[in-house]
Each structure stands twice: as structure tokens, then as C-alpha cells.
Amino acid sequence: MIEIPLLVLLLGPVLLAEALLARYEVTAYTVGWRTPVSELPQDVPYARGADPDRPPDAYLVYLDGIGKRRFRDTRDGGQLVQALIAGAPELRVLGQVQPYSPLADPLADRPVWAWLRHRVGLLLFLHNVMQIFVAADHRYRPLYNRAVGTQIVNQLRRAGYQPGSGIPVVLLSYSGGAQVATGAVEELHTRLRAPLLLITIGGFHNGANDLTHADHLHQLTSASDWIERVGTWIFPQRWRLFRRSGWNRAGRAGKITVHRLDPATHMGPRSYISPEPQPPDGRSFLDRTADTVIALIRAHCGAPAVRDR
């Protein structure tokens, strides 16, 4: 019994420090104390996939879960990105966006955090978890949405996107990345005038962001994903009672389609992006998720264009 109070005593100050750090970053962006990072390392491309010499069928921005802490892909997220590039060469894919940094500053590249990563790696995940709750907080949400939305806009333009071109932009998000994806809709609509398709995988978000300017949102979920269900319980805007929330208004407008990927879990060997073969057909959850995402994007972009290619 002594262990529980001791754990609370140790975690309490850590969580408080993480919460203050998360709020500091969005404040620093808002008041101009620090300039957001805009340049990528020389060995990190602004986009992969479709030939940059001609317009792709769509631009896909992948917003990873809380493991994202550098410009390069995480292990699991990287497998999904590679599967999408291999299965849909008509897409131009961006995976470098930092969904948990309003300053677009990778956590793993900061000296103090690099030191902590080798000693207390859990703090990196706690930091990103706290960023999700800051992004969901009504006091900081508009600022956070504008900061990361601007980051996505800048990365898309560097990858060749022309505002007003009419080429669809797909925001594919995993777990907490859904909070950022739904929050970026307004900024992308205003600055790029782009048709927007959102696809969430096990999306953890508060449902407060306005989805009016999104063409559609496809929710990939599973009955075995308890982490996503927690999000639907703890955020009142996800409850049907709050009819005026962005999520519920989008649902009544017919903009949300649910796709079940049972029995996938949020993480582990049976996660949505696990490469392990699964019975009965031997296809992995990763293959099934990638195939579903590609089919949804192609249906949105128009099948004739795919057949012509």
C-alpha cells in the first residue's frame, strides 16, 4: 500500500512540471519569444512518394501518436508511411510535422531532453501527452491550432503545394494526432483553400474543433481500442448531450464515417499498425490499415484518375 502514495508523490511534481512546460511552448510561440523551426535537416526530404515534377493526386500529412519526438518517423509510424508510399505511389507524403510542438522543435533534438531520453524515457511520452491536453484546453486550443496549423501549411508549401490548386490534402492521424488534425482544419482552409479529408486511426481528441471546412472524416476504430474509448468518456464534447460541439455538428451533417478494424488494439502486437501476420488470411493489421486508408483516399480523389494512372 505504501507504493501507491509514493508513486503519486513522485509523479505529481513531474506531471505539474510537464504541464507548465507544455503551456510555456504555446505561449512562447504566441508572444514571439521564439521563432518556430522551419528548415528540415539536409537528409530529411520535405515529401516522399509521388514525383515532385508533376502534381500528385493528393498530399498526405501523417500526424503520429505520442511517440513522435523527431523529424524522422517513429518505428511504427514509419512502417505505416512506407506501406502507404508503396501502395499508393500517386500520393505525396509528409511525415515530418511535429504535432506536439507548437514551435516545430523536435523534442529529441533538445540537449536536455536528449539527456533525459537515455535515463528517464517516460518523460518524453508524458510531455507529448500533456501537449494533447494543452491542445484540448479551451484557453490554449485556438493558439495551439494556429501554431501547428501554420507548421503544416509551411511544410506543405515547401513540399510543392500551391494554394488554390484544388489538390486534396489528407490529414492522417494516429491516436493523439487526431487532436492536432481536427484543430488544423481552419488554418489549412484559410491559407491553402485546400479540399480537406481527415482520417483518424484510434483517434484521441476532445471533439471541440470545428470541422465545417473538412470534406469528410473517416474514423478507423476497434472495439478492442480502450484508449480511444477513454477519449470519448473524458471529453464532454464527444458526448451526444453536447449537440453544438464541433464533433456532434459534423456527425449530424453526415461528415463522419466509422470503419471498424476489429479486433485491432491501440498498441502492442495487435495494434492497428502491427506488421505481425494475423489469422485467418495471414494479412497483418498494418496491411489492412494501409489498404483501408488508400481505398478511402482514392475514393475521395476519384477512381478514374487512379485508373488512368
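Data block above holds the structure.
Just so it is clear, the model here is predicted, and its values are computed rather than measured.

Rules behind the numbers
Every chain begins its residue count from 1, and numbering advances along the sequence as written. At least 70 in pLDDT is required for a residue's local features to be given in this predicted model, at least 80 for side-chain atom pairs to be given and counted, and no such filter applies to totals for whole chains, interfaces and linings, which use all residues. The basis for the side-chain values is all heavy atoms of the structure; hydrogens and waters are excluded. Numbered from the N terminus, helices here are DSSP runs of H or I no shorter than four residues, and strands are runs of E no shorter than two. The cut-offs for exposure are 20% and 50% of the maximum accessible area for each residue type, with area from a 1.4 Å probe on protein chains only; residues under the lower value are buried, those over the upper are exposed, and the others partly exposed. Residues count as neighbours in contact if any of their non-hydrogen atoms are within 4.5 Å of one another. Note on areas: these come from Shrake-Rupley sampling with a 1.4 Å probe, and a residue is covered only by the protein chains present in the view. Salt bridge criterion: a side-chain nitrogen from Lys or Arg within 4 Å of a carboxyl oxygen from Asp or Glu. Axes, fitted as lines to C-alpha atoms, cover a helix only where it is in contact. Angles between the N-to-C directions of the axes lie from 0 to 180 degrees. Just so you know how the angles are binned, under 35 degrees is roughly parallel, over 145 roughly antiparallel, 65 to 115 roughly perpendicular, and the rest oblique. In a left-handed crossing the near helix is turned counterclockwise from the far helix by less than a right angle, and in a right-handed crossing that turn is clockwise. Lys, Arg, Asp and Glu make up the charged group, whereas Ala, Val, Leu, Ile, Met, Phe, Trp, Tyr, Cys and Pro make up the nonpolar group; the residues left over, Gly among them, are polar. In the analysis that follows, any N or O atom pair within 3.5 Å is treated as a polar contact, provided that within protein one partner can donate a hydrogen and the other can accept it, and provided that, for residues neighboring in sequence, both atoms belong to side chains. Note on terminology: a nonpolar core comprises buried Ala, Val, Leu, Ile, Met, Phe, Trp, Tyr and Cys residues joined through side-chain atoms within 4.5 Å. Any Phe, Tyr or Trp ring, taking Trp's six-membered ring, that has another such ring centre within 6.5 Å forms a pair; planes under 30 degrees apart are called stacked, those over 60 apart edge-to-face, and the others tilted. Paired strands, in this sense, are two strands between which DSSP finds at least two bridges. By convention, a crossover is right-handed whenever its connection, traced from the first strand over the helix to the second and viewed with the strands pointing away, goes clockwise.

Caption draft 1: Region of the structure containing the overall build of the protein. Looking only at helices and strands, the protein features ten helices and seven strands. Taking all 309 residues of the protein together, 52% fall into the buried category. In the protein, once contacts between residues fewer than 6 apart in sequence are set aside, the share between residues at least 24 apart is 76%. When the accessible surface of the protein is split by element, carbon and sulfur atoms take 59% of a total near 14,500 Å².

Caption draft 2: Structural view of the pattern of salt bridges. Considering all chains together, one arrives at six salt bridges under this definition. Among the ionic pairs, Glu187 bridges to Arg191, the shortest N-O distance being 3.7 Å. Residue Glu187 and its partner Arg191 are located together in helix α6 (residues 177-192), separated by four residues, close to a single helical turn. Exposure remark for Arg191: the relative accessible area of 31% places this residue in the partly exposed category. Across the pair Asp291 and Arg283 runs a salt bridge, and its minimum N-O distance is 2.9 Å. Take Asp291: its relative accessible area is 40%, and that puts it in the partly exposed class. For Arg283, a relative accessible area of 33% gives the class partly exposed.

Caption draft 3: Up close: the packing of helix α2 (residues 75-87) against helix α9 (residues 285-301). Where α2 meets α9, the closest approach of the two axes is 9 Å, and the angle between their N-to-C directions is 50°. Taken together, α2 and α9 sit at an angle that is classed as oblique. Helix-helix and strand crossings are classified by hand; for α2 and α9 the assignment is right-handed. Residue-level inspection shows Gln79, Leu80, Ala83, Leu84 and Gly87 of α2 in contact with α9, the latter providing Leu286, Thr289, Ala290, Val293, Ile294 and Arg298. In terms of residue class, the contact of α2 with α9 is made up of seven nonpolar, three polar and one charged.

Caption draft 4: Inspection of the side chain of Gln219 at higher detail. Topologically, Gln219 is positioned in strand β6 (residues 216-221). Within the structure, the side chain of Gln219 is placed 3.0 Å from the side chain of Glu228, a separation counted as a polar contact.

Caption draft 5: Region of the structure containing unusual backbone geometry. For the bond running from Asp262 to Pro263, omega is 0°, close enough to zero to count as cis. Inspection of the secondary structure puts Pro263 in the loop between β7 (256-260) and α9. Phi is positive for Arg193, which is not a glycine, with a value near 50°. By the element assignment, Arg193 lies in the loop between α6 and β5 (196-201).

Caption draft 6: Just the nonpolar core, in detail. By size, the foremost hydrophobic cluster in this structure holds 40 residues, and its most contacted members are Val61, Ile152, Leu156, Val169, Leu171 and Leu188. Elements with a contribution of two residues or more to this core: β2 (58-63), α4 (122-136), α5 (141-158), β4 (169-174), α6, β5 and α8 (246-252). The biggest single contributor to this core is α6, with six residues. If you look at the next biggest cluster of nonpolar residues, it comprises 28 residues, including Leu197, Ile201, Tyr272 and Ile294.

Caption draft 7: Spatial organisation of the packing of aromatic side chains. Scanning all chains against the criterion turns up six aromatic pairs. For the ring pair Tyr59 and Tyr161, a centre distance of 5.1 Å and an interplane angle of 75° mean the geometry is edge-to-face. One end of the pair, Tyr59, is in strand β2; the other, Tyr161, is in the loop between α5 and β4, with 102 residues separating them in the sequence. Both residues of the pair, Tyr59 and Tyr161, count as buried. A ring pair is formed by Trp239 and Phe242, whose centres lie 6.1 Å apart and whose planes are at 65°; its orientation type is edge-to-face. A relative accessible area of 35% means that Trp239 is categorised as partly exposed. Counting every residue linked through ring pairs, the aromatic cluster contains Phe133, Phe204 and Phe235.

Caption draft 8: Spatial organisation of the pairing of strand β3 (residues 91-94). Across the two faces of β3 the burial is the same, with Leu91 and Val93 and Arg92 and Leu94 all buried. With two bridges connecting them, strand β1 (residues 48-49) and β3 associate as antiparallel partners. Bridge pairing in β3 places Gly49 opposite Arg92. When β2 meets β3, the two strands line up parallel, connected through four bridges. Its bridge partner being in β3, Tyr59 is matched across the sheet by Arg92. Tracing the backbone out of β2, into α2 and back to the parallel element β3 gives a crossover that is right-handed.

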